[in-house]
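As a plain string of letters, each chain reads:
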Amino acid sequence: ELKVEQNPLFLSMQEGKNYTIYCNYSTTSDRLYWYRQDPGKSLESLFVLLSNGAVKQEGRLMASLDTKARLSTLHITAAVHDLSATYFCAVEVAGNYQLIWGAGTKLIIKP
Amino acid sequence: DTAVSQTPKYLVTQMGNDKSIKCEQNLGHDTMYWYKQDSKKFLKIMFSYNNKELIINETVPNRFSPKSPDKAHLNLHINSLELGDSAVYFCASSRPGQGHYGYTFGSGTRLTVV
């Protein structure tokens, strides 16, 4: 059974700091996704990581994938208040397009 | 031009009632999904349909019945609602195979059973 673990589950940080969210998964997968969810809102796609060594960046967020270690990271650089949200990683079960989700990381960035 | 639209956005109902949530996508995707997000924000797949055919049916009480009249619509009917059914239900769609670059989610339906 595919399991996805995120850590930390809660992160409070000051603006301007850097931090990393980790996503470990238990079995082989083709794809890994990062989503953002604001309170009471839907899930917004941030990154799709398709292969070992994949790195994608958008603004202050950078995601990477190491399929051998079964680990993805979401790095936040010089955090700003607008990045406060809950971030989810999700791993696609090979062959059936089912997403298995991490528990989410609630990120609070204080001005 | 909402890509994946769900109705209603909020639903408050009493225990024992039957209710439906509707979902429509205009992306031309072949596959649609229902996910449940509980009070702790944990997301879990419930059902998946590909071209009107059920392909994923997770361990969900049989009070929940999905229906897909065509590949652009996936509705969720819930019978005999229970307190534990209170959650946010998200519809999503994707195009599996080549060109599969992820999932588009609807805005969610917050169901409260009282």
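This section reports on the structure supplied with the text. Source: prediction; values computed, not measured. (Residues numbered from 1 in each chain as written. Chains lettered and ligands numbered in written order. Predicted model: local features only at pLDDT ≥ 70, side-chain atom pairs only at ≥ 80, totals over all residues. Heavy atoms only, no water.)

### Details of the state of the cysteines
All names here are of chain B.
- For the structure on display, the rule yields two disulfides over all chains.
- A sulfur-sulfur distance of 1.9 Å marks the disulfide that ties cysteine 23 to cysteine 91. Taking the sign of the torsion about the S-S bond as the criterion, the disulfide between cysteine 23 and cysteine 91, at about -80°, is left-handed. With cysteine 23 in strand 3 (residues 19-25) and cysteine 91 in strand 9 (residues 87-94), this pair connects stretches of sequence that are 68 residues apart.
- Judged by relative accessible area, cysteine 23 falls into the buried class, the value being 2%. (Disulfide = S-S within 2.5 Å. Helix = DSSP H or I, 4+ residues; strand = E, 2+ residues; numbered from the N terminus. Buried < 20%, exposed > 50% of the residue type's maximum accessible area, 1.4 Å probe, protein only.)

### Some words on the interface of chain B and chain A
- On the side of chain A, 18 residues touch chain B, which itself brings 20 residues to the contact.
- Summed over both partners, the interface of chain B with chain A comes to about 1,700 Å²; 57% of that surface belongs to carbon and sulfur atoms.
- For the pair chain B and chain A, the number of links is zero salt bridges.
- Between the two partners, chain B and chain A, sit five residue pairs in polar contact (both at pLDDT 80 or more).
- Elements supplying a minimum of two residues to the side of chain B that touches chain A: strand 4 (31-37) and strand 5 (43-50) of chain B.
- The greatest single-element share of the side of chain B that touches chain A, amounting to three residues, is contributed by strand 4 of chain B.
- Among the residues forming the side of chain B that touches chain A, the class breakdown is eleven nonpolar, six polar and three charged. (Contact = heavy atoms within 4.5 Å. Buried area = accessible area lost by both parts, 1.4 Å probe. Salt bridge = Lys/Arg side-chain N within 4 Å of Asp/Glu carboxyl O. Polar contact = N/O pair within 3.5 Å; in protein donor to acceptor, adjacent residues only side chain to side chain. Nonpolar A, V, L, I, M, F, W, Y, C, P; charged D, E, K, R; others polar.)

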